[in-house]
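Okay, here's what each chain looks like letter by letter:
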Amino acid sequence: MLKPTRFPKRAALALCVSLALSACSEPQMATSSFVPLEYTERVDGEYVIPAVDAAYLNARNRRQWVEYTGPEEPGTLVVDPFARFLYHVVEPGLAMRFGIAVGREGYGFRGDAVIRRREEYPGWMPTQNMIRQEPELYGPLAAGLPGGLDNPLGARALYLYRGGVDTMYRIHGTMDPSSIGKATSAGCIRLFNQDIIDLFDESQMGMQVKVRTHEESLAMEGPVVELSTGYLVAATDIAAIQADAAMVAAAEAAAAAEAAAAAAAVPSS
């Protein structure tokens, strides 16, 4: 098992305990009622961060130490919007990996950037483009929302800049933990609030960030398949893909049988 060094300060002991309890291999999408200590309820200033539902903590979503073979230097954040992972490279060959949700804006930037702004419980304002595209949804929010647990940016946000210019790319928390691991309609890169709080503590101004291209993602992570649940699995995980297809077929058959039964119950005129 990889030795968890330095990261994250606030949750290091909790993470070590959870790693010890889950050191054996597990199915890619397996979940249980167990919530690792780093995802339990925590007090954060005036806010209480709710525990993450165990149903959302599948193997791709939970933070974990992994071997890292990418070219990025220690101290770099690496965002892979296609595999839906974020890596914090802490030393050569070692990174902390987080599951992320990716919104439309999460695919709109590639390459290198630096963190030039860091906010706790940031306010949020929809862009003019969002208001134009969905005026009924975003128009009433044009003046913005104050920070808090009901804010789309969640508990923390890291703002990426390139050449001194705001890229409009954000790494942030979420008001919807069920979205982690999935594609979302809006937003950039979301993490569980517990994860973004600890990542925020390990970040600093000027920190390097790399956002992978699709080609780089395929080279590093391999192809992935999105299941009917919205979660990704590796294309090599044939068992999970077949199980998902069987589940979809069974649901469709059940719906068809129900519709047929309802049609048969209608008296003929």
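Above this text you will find the structure in question.
Just so it is clear, the model here is predicted, and its values are computed rather than measured.

Colleague: Which residues make up the side chain of R190, and what values go with them?
Modeller: Residue position: R190 is located in strand β11 (residues 189–190). Of the side chains with opposite charge, D176 lies nearest to the buried R190, which makes no salt bridge, at 4.6 Å. Excluding anything up to four places from it in sequence, R190 contacts G99, I100, A101, H172, G173, T174, D176, S179, I180 and T184.

Colleague: So what's going on with the nonpolar core? Which residues, and what values?
Modeller: Grouped burial of nonpolar side chains is what soluble globular proteins tend to show. Grouped together as the largest cluster of nonpolar side chains are 26 residues, with contacts concentrated most on L77, V79, L86, I171, I189 and L191. Apart from the residues lying within four places of it in its own chain, the contact partners of L77 are L86, Y87, H88, I115, L158, I171, L199, M207, Q208, V209 and K210. Counting 9 residues, the second-largest nonpolar core is a separate cluster that includes W124, M130, Y138 and A157.

Colleague: Can you lay out the pattern of salt bridges for me, pointing to particular residues and giving the numbers?
Modeller: Two side chains carrying opposite charge are able to pair once their charged atoms lie near each other. Counted by the stated rule, this structure contains 13 salt bridges. In this structure, D195 engages R63 in a salt bridge whose closest nitrogen and oxygen atoms are separated by 2.7 Å. Residue D195 is found in helix α4 (residues 193–202), and its partner R63 is found in the loop between β2 (47–49) and β3 (64–67); the two are separated by 132 residues along the sequence. On the accessibility criterion, D195 (0% relative accessible area) is buried.

Analysis parameters
Residues numbered from 1 in each chain as written. Predicted model: local features only at pLDDT ≥ 70, side-chain atom pairs only at ≥ 80, totals over all residues. Heavy atoms only, no water. Helix = DSSP H or I, 4+ residues; strand = E, 2+ residues; numbered from the N terminus. Buried < 20%, exposed > 50% of the residue type's maximum accessible area, 1.4 Å probe, protein only. Lys, Arg positive; Asp, Glu negative; His and termini not counted. Salt bridge = Lys/Arg side-chain N within 4 Å of Asp/Glu carboxyl O. Contact = heavy atoms within 4.5 Å. Core = buried A, V, L, I, M, F, W, Y, C linked by side-chain atoms within 4.5 Å.

By themselves, these figures tell us nothing about what the structure is for.
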